[in-house]
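Survey of secondary and tertiary structure
Residue-level listing of the chains:
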Amino acid sequence: MKYTIRKHMKTSLRNFAPFAVKVTIIAGIVGSEACCNNAPTMMTTTAEILDGKALANRLREELRKEAAELIQKHGRAPGLAVILVGDDPASHVYVRNKKSGCEKMGFSSFSFELPANTSQQHLLGLITELNQDPKVDGILVQLPVPAHINSETILEAIDPGKDVDGFHPYNIGRLIARKPALRSCTPYGCMKLLEETGLDLHGMESVIVGASNIVGRPMAMELLLAGATVTVCHRFTRNLQAHIERADIVVAAAGKQGLIQGEWIKPGAIVIDVGIHRRANGTLTGDVAFDSASKRAGWITPVPGGVGPMTITMLLANTVQAFKTHVGD
Ligand code: NAD
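Residues numbered from 1 in each chain as written. Predicted model: local features only at pLDDT ≥ 70, side-chain atom pairs only at ≥ 80, totals over all residues. Heavy atoms only, no water.

1. Regarding the overall build of the protein
Looking only at helices and strands, the protein features 11 helices and 11 strands. Here the protein, with 329 residues, has 45% of them falling under the buried criterion. In the protein, 70% of the contacts between residues at least 6 apart in sequence involve partners at least 24 apart. (Helix = DSSP H or I, 4+ residues; strand = E, 2+ residues; numbered from the N terminus. Buried < 20%, exposed > 50% of the residue type's maximum accessible area, 1.4 Å probe, protein only. Contact = heavy atoms within 4.5 Å.)

2. A closer look at the site of the ligand
Taken together, 21 residues form the shell around the ligand, and within it Ala211, Ser212, His234, Arg235 and Thr311 come nearest. The backbone of His234 places a nitrogen or oxygen atom 3.4 Å from a nitrogen atom of the ligand. One nitrogen or oxygen atom from the side chain of Thr311 is found 2.7 Å from an oxygen atom belonging to the ligand. Within the complex, 73% of the 870 Å² of free accessible area of the ligand lies under protein. Element by element, the count of residues in the shell around the ligand is highest for helix α11 (residues 307-327), at 3 residues. Taken together, the residues of the shell around the ligand sort by class into 10 nonpolar, 9 polar and 2 charged. (Near = heavy atom within 4 Å. Polar contact = N/O pair within 3.5 Å; in protein donor to acceptor, adjacent residues only side chain to side chain. Areas by Shrake-Rupley, 256 points an atom, 1.4 Å probe, with all protein chains shown as cover. Nonpolar A, V, L, I, M, F, W, Y, C, P; charged D, E, K, R; others polar.)

3. A word on the pairing of strand β4 (residues 138-141)
Going residue by residue along β4, you find Gly138 and Leu140 tucked away on one face and Ile139 and Val141 tucked away on the opposite face as well. Relative to β4, strand β2 (residues 79-85) is paired through 4 bridges, and the arrangement is parallel. Within β4, the position partnered with Val82 by the bridge is Leu140. (Pairing = 2+ DSSP bridges.)

4. Details of the side chain of Asp165
The residue Asp165 is located in the loop between α5 (151-157) and α6 (169-176) in this model. If we ignore the near neighbours within four places in the chain, the residues touching Asp165 are Leu140, Val141, Arg183, Ser184, Cys185 and Leu315.

5. Quick word on unusual backbone geometry
The omega angle of the peptide bond from Leu143 to Pro144 is 0°, so this bond is cis rather than trans. In this structure, Pro144 sits in the loop between β4 and α5. The amide bond that connects Val303 to the next residue, Pro304, takes the cis arrangement and shows omega of 0°. Its location among the elements puts Pro304 in the loop between β11 (299-300) and α11. A positive phi is found at Arg178, a non-glycine position, where the angle reads about 65°. With respect to the element layout, Arg178 can be found in the loop between α6 and α7 (185-195). With relative accessibility at 67%, the residue Arg178 sits in the exposed group.

6. Regarding helix α8 (residues 216-225)
Side chains that are three or four residues apart share a direction in an α-helix, a result of its 3.6 residues per turn. Among all positions of α8, only Gly216, Pro218, Met219, Ala220, Glu222 and Leu223 are buried. Looking at the buried side of α8, the elements it contacts are α6, α7, β5 (205-209), β6 (229-233) and β7 (249-252). Positive phi shows up at Gly227, right after α8, with a value of about 90°.

7. As for the packing of α6 against α8
Packing of α6 against α8 leaves a shortest axis separation of 9 Å and a crossing angle of 30°. Classified by the angle their axes make, α6 and α8 are roughly parallel. Regarding α6 and α8, the two cross each other, and that crossing is left-handed. The residues of α8 that touch α6, namely those facing Ile172, Leu175 and Ile176, are Pro218, Met221, Glu222 and Leu225. A per-class count over the contact of α6 with α8 returns 6 nonpolar, no polar and 1 charged. (Axes fitted to C-alpha atoms, helices over the stretch in contact; angles between N-to-C directions. Parallel < 35°, antiparallel > 145°, perpendicular 65-115°, else oblique. Left-handed = near helix turned anticlockwise from the far one by under 90°.)

8. Observations concerning the confidence of the model for the protein
Here the protein averages 89 in pLDDT, while 86% of its residues score no lower than 70. Mean pLDDT values over the elements of the protein span from 34, in helix α1 (residues 2-15), up to 99, in β5. (pLDDT = per-residue confidence, 0-100.)

9. Here we look at the pattern of salt bridges
Taken as a whole and assessed by the stated rule, the structure comprises 9 salt bridges. Between Glu66 and Lys324 there is a salt bridge; the shortest N-O distance is 2.6 Å. Placement of Glu66 in helix α2 (residues 52-74) and of Lys324 in helix α11 is noted, with a sequence separation of 258 residues between them. The exposure class of Lys324 is partly exposed, given its relative accessible area of 25%. When the shortest N-O distance is used, the salt bridge between Asp137 and Arg76 registers 2.9 Å. (Salt bridge = Lys/Arg side-chain N within 4 Å of Asp/Glu carboxyl O.)

Quick look at the structure:
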């Protein structure tokens, strides 16, 4: 009995070689010497939390110091212009957070809150002005924009060198061509969280759930760039469970609360949950069933406090990067 259990444990660990160091045996050997019945051996893992809030604070502190030196050296602060069209309450909260994040860094922030009936022409005029303004290093148009405005036309009007959201086709193209310039903030933040595991991502089976232009697709390019083997699942994917079950890395970005069941997670896998949903009681949750997934995963991001704080942090990092390019640092 004991021999069988040991053999089973060894085989399990070998199967998850990259994760072996992470495995915590909670319920271990259950055999004739340890117990009086023939209960099955249970081996389970408890995930390490990938704390996006702590990582974001650390990176922001580094950025703040770097920005202070750059301000001293170049005699001006990095400048971020944020444009909001309409009165979507969630967008107002996001814009406020971005503005305050900027100010805490010592950046100049330029805020434009336009009424919902603003014409596309007017918005394009403002973007042209900001493209030419030497005090502005980054331009961000908060999405979604009202239905009468074509968001693609707007995003493509932003100077790619000031596209700190990293959504412009030029910046997406640079990532595809393995020469990233300004990177899409949420996938970039997910890569920083993956770095925290200390694992080499080369050859890892990664499965991204969601194929949007702002999360899923650039995330696929980031993971490919890092040497992972990438599968992108979307609304037409057959048998999502089968894809998840073989994934060493799961990035959940479908925008469907609790879509990824904990029982699907491969023991020891890294789970990055991008989804954000507000429950009826006001608390936030993600696309992954956290409680059950965290019993199997090796690492997992919480919601809130995982990917969310990293997105704004990478926006600030992109603003510093754009500034450095503009001042020739
Ligand atoms: P989206 O609606 O644009 O895209 C969703 C994608 O998921 C689509 O490609 C769709 O095909 C796929 N999908 C939908 N149902 C699916 C299913 N059952 N199985 C497999 N794939 C499915 O959403 P988005 O803008 O990419 O955002 C996704 C989620 O991430 C949302 O919850 C959003 O709020 C959140 N988000 C969080 C951050 C952050 O900073 N944490 C940033 C951006 C988005």
